[in-house]
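A structural walkthrough
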Amino acid sequence: MLKVIIAEDEQWIRKSIVKCIEWERLDLELVAEASDGNKALERVRCLNPDIILIDIHMPGFNGLQLMEHWAAEGFKPKFIIISGYNNFEYAQKAISFGAFAYLLKPIKREEVNETLAKACRVIHMEREMRTNLEQVKKQLNVGIPLIKERIMFDYLSGRDNSTSHQDIAYSPYYAVLVLGFDNYLKRNVNRENIKQDIKGTLAIIEAILMKCDEGIVFEREENRIVVILGLQSDREPIHLAVAKRILSEIRGKAYTVTIGAGNIHSHVSQIKQSYNEALKAYREKLIIGGDKIITPLTVPSGQFVVPEDHIKSTCMAVELSDIKGIRLGVQVVLSSVVHLGPICYDTVAKLVSRLLDATVELALRYGIQEKFYEERDLEYLEGIDSLTDYLISILITITGKISSAKENKGLKAISAALEFIQSHYTKDISLEMLASHVSLNPNYLSEMFKKETGTNYTDYVVSLRIKKAQALMQENPWLSINKVAELVGYGNTRYFSTLFHKKTGFRPSEFKQLVSNSTTNVAEEEFDE
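What counts as what
Residues numbered from 1 in each chain as written. Predicted model: local features only at pLDDT ≥ 70, side-chain atom pairs only at ≥ 80, totals over all residues. Heavy atoms only, no water. Helix = DSSP H or I, 4+ residues; strand = E, 2+ residues; numbered from the N terminus. Buried < 20%, exposed > 50% of the residue type's maximum accessible area, 1.4 Å probe, protein only. Contact = heavy atoms within 4.5 Å. Areas by Shrake-Rupley, 256 points an atom, 1.4 Å probe, with all protein chains shown as cover. Pairing = 2+ DSSP bridges. Axes fitted to C-alpha atoms, helices over the stretch in contact; angles between N-to-C directions. Phe/Tyr/Trp six-rings, centres within 6.5 Å; stacked < 30°, edge-to-face > 60°. Lys NZ or Arg CZ within 6 Å of the ring centre and 35° of its normal. 1 Å grid on protein atoms, 1.4 Å probe; cavity = no way out; pocket = protein on both sides within 12 Å on 5 of 7 lines; lining within 4 Å. Points joined across faces, edges and corners; volume = space filled by probe spheres on them. Parallel < 35°, antiparallel > 145°, perpendicular 65-115°, else oblique. Nonpolar A, V, L, I, M, F, W, Y, C, P; charged D, E, K, R; others polar. Salt bridge = Lys/Arg side-chain N within 4 Å of Asp/Glu carboxyl O. Expected span 1.5 Å × (residues − 1). Polar contact = N/O pair within 3.5 Å; in protein donor to acceptor, adjacent residues only side chain to side chain.

Focus on the overall build of the protein
On a plain count of helices and strands, the protein comes out with 22 helices and 10 strands. Relative to its 529 residues, the protein shows a buried fraction of 42%. Pairs at least 24 residues apart make up 66% of the contacts formed inside the protein by residues separated by at least 6 positions. Surface summary for the protein: the accessible area is close to 29,100 Å², and the carbon and sulfur share equals 50%.

Let's talk about the sheet that holds strand β8 (residues 224-231)
Reading across from one edge, β7-β8-β6-β9-β10 is the order of the 5 strands in this open sheet, with mixed pairing throughout. Whereas interior strands pair on both sides, the edge strands pair on one side only; in this sheet they are β7 (214-221) and β10 (293-294). In this sheet, β10 lies alongside strand β9 (residues 257-261) in parallel orientation, the contact comprising 2 bridges. Note on β10: the bridge partner recorded for G260 is I294. Its contacts with the sheet put helix α9 (residues 191-209) on β6 (173-181), β7 and β8, and the angle it makes with β7 is roughly 165°.

Here we look at the packing of aromatic side chains
In this structure the tally under the stated criterion is 9 aromatic pairs. Here F496 and F500 contribute two aromatic rings whose centre-to-centre distance is 5.8 Å and whose plane-to-plane angle is 55°, an arrangement assigned as tilted. Here the residue F496 and the residue F500 both occupy positions in helix α21 (residues 493-504), the gap between them amounting to 4 residues, near one helical turn. F496 gets classed as buried once you look at its relative accessible area, which sits at 0%. Classification of F500 as buried rests on a relative accessible area of 0%. Counting every residue linked through ring pairs, the aromatic cluster contains Y490, Y495, F496, F500 and F511. It is R220 that lies over the ring of Y275; its NZ or CZ is 5.2 Å from the centre. Over the aromatic face of Y490 sits the side chain of R465, whose NZ or CZ is 4.8 Å from the ring centroid.

Points about the layout of surface pockets
By volume, the second largest pocket amounts to about 650 Å³. Lining the second largest pocket are 22 residues; nearest its centre among them are D357, K371, Y373, E374 and E375.

Let's talk about the packing of helix α16 (residues 384-424) against helix α18 (residues 442-453)
Relative to each other, α16 and α18 sit at 80°, their axes nearing to 10 Å. Classified by the angle between their axes, α16 and α18 sit roughly perpendicular to one another. Of the residues in α18, those touching α16 at K406, E407, G410, L411, I414, L418 and I421 are Y444, L445, M448, F449, K451, E452 and T453. When grouped by side-chain class, the residues that make up the contact of α16 with α18 number 8 nonpolar, 2 polar and 4 charged.

Concerning the sheet that holds strand β4 (residues 78-83)
With parallel pairing, the 5 strands of this open sheet are ordered in space as β2-β1-β3-β4-β5. For this open sheet the edge positions go to β2 (28-34) and β5 (99-104), each flanked by a neighbour on one side alone. Across the sheet, the mean angle separating the axes of adjacent strands is 20° when strand polarity is ignored. Note that strand β1 (residues 2-7) and strand β3 (residues 51-55) share 4 bridges and pair parallel. Across the sheet, residue I6 finds its bridge partner in β3, namely L53. Most of the contacts of helix α3 (residues 37-47) go to β2, to which it runs at about 145°, and overall it touches β1, β2 and β3.

Remarks on the pattern of salt bridges
Scanning the model with the defined rule gives 22 salt bridges in all. One salt bridge in this structure joins E126 and K78, with 2.9 Å as the shortest N-O distance. Placement of the pair is E126 in helix α6 (residues 109-138) and K78 in strand β4, with a sequence separation of 48 residues. Take E126: its relative accessible area is 25%, and that puts it in the partly exposed class.

Describing the packing of helix α15 (residues 345-365) against α16
Their axes nearest at 10 Å, the elements α15 and α16 cross at an angle of 10°. One finds that α15 runs roughly parallel with respect to α16. Residues V348, V352, L355, L356, T359, L362 and A363 of α15 form the contact with α16, whose participating residues are L387, L391, I394, L395, I398 and I402.

Points about the environment of V257
Mapping V257 onto the fold places it in strand β9. Relative accessible area serves as the criterion here: at 1%, V257 is assigned to the buried category. If we skip the residues at most four places from it in the chain, V257 touches L179, G180, F181, D182, L247, I250, D291 and K292.

Quick look at α15
Taking 1.5 Å of rise per residue, 21 residues should cover 30 Å, and α15 covers 30 Å from first to last C-alpha, within 8% of that figure. What α15 keeps buried is the set Y345, T347, V348, A349, L351, V352, L355, L356, A358, T359, L362 and A363. Looking one or two places after α15, you find G367, whose phi comes out positive at around 80°.

Concerning unusual backbone geometry
For the peptide bond that leads from K105 to P106, omega is -5°, which places it in the cis range. Counting through the fold element by element, P106 comes out in the loop between β5 and α6. Unusually for a residue other than glycine, N183 sits at a positive phi of about 55°. Along the chain, N183 falls in the loop between β6 and α8 (184-187).

Brief notes about the side chain of S274
By the secondary structure assignment, S274 is in helix α11 (residues 271-283). A polar atom in the side chain of S274 sits 2.9 Å from the backbone nitrogen of V176. Setting aside anything within four residues of it in sequence, one finds S274 in contact with A175, V176, G262, N263 and H265.

Taken by themselves, the reported measurements are silent on function.
Given below as structure tokens:
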């Protein structure tokens, strides 16, 4: 069972976190809580937990200072930052101090349990790896390849091993390949099939690597397989030959992959550099398509002017539910950068981010706070055409959400408008005044009013006044026509009479006589009885 400490100065938040964690399922034990940085510092020293859920802002030491203290003292728990601040600088510092995850308040039950589950897996994996490493040390003659793999993995992860294992004979050169499945967003619907494809792909690559001097393959993260190759020479692009073999073997399956190939470097410590080159090359499939090997490109990200006018017009199309305008807008926005000449992933990613940010801001104005895309989605796309379809799909989804939000807002506004009219029908209320009262555009209010009531605003008010006049004459037959007209909001009796006749087919005096006769007849019948 793994030990957990929660450091959070707000008691209700601590209790909420404790309540939402699935302790038994995750095999976790809460060993302590801390309401400030000083208490957290001492309790970690005493209890040496495996996981710490910690707020950045607390009395005493803040979260980042505590992480720095513990790191200096040799404590290496998994830090899960809980913060109400979506601040890149905080997140960057937290990561530099070894944070495992950065969660934003309010904490979601699923998110915190999923993060803890990942942390548990990593801890168990690291423990297992440490155990294995100890066993390997006892059998160096058999275990050196495993140690080398671990060292290569450490270098790939950015952990410096320059002062350890100096006696191990490394390959003189290293290169890294990054591989990902094509059409991943579409294929990702069936998770089980994806898992089987990953296992099959790893087996294929492992078989190919058996013929190489040195090499390891592993699944680094979602849709990303990494191959590290130890090479004896840098004169021939041997790593590209391996990549071609992998591509050829996989093409016979029901799917294809794209491979980014890093440059060859002259020391094991430069594995990280080759990996970054391979990953950057791999991402370029967004521009040049998939099912191929991509080497590091020399195309600079360049400077370009964001087409704000086109982005605004595209957002307007989203707001107006103009599907044709959305399709055209996306194509125009993307063409604005494509026409600049040679482009790369970074340039297009900046443009896409600006467009999506603008549409999400639009959705927020309608109270829509859903997440419509993931930042890594672009890495799963192959070619500008797939990017175009992807963006159009997202904007159409946002359009539907905005349309529903507008409809709901309009219905609530009409209900408020009808209630206001019932209370103030005797006064002269213009459509503009009513629109201001319910916070809608007058034209939109007029459109929604007719849609919901079946008549326009003016006719509705006239009909309401005439109904009220009829009721007055029935309930108070002694009232004069002039008084009835005044009571329902008409100062001009002749104008009132004209409207009354138009709506009922009777002049007010005729209707009053008709009501009076009806009342007399009823009274006589009651007297006869």
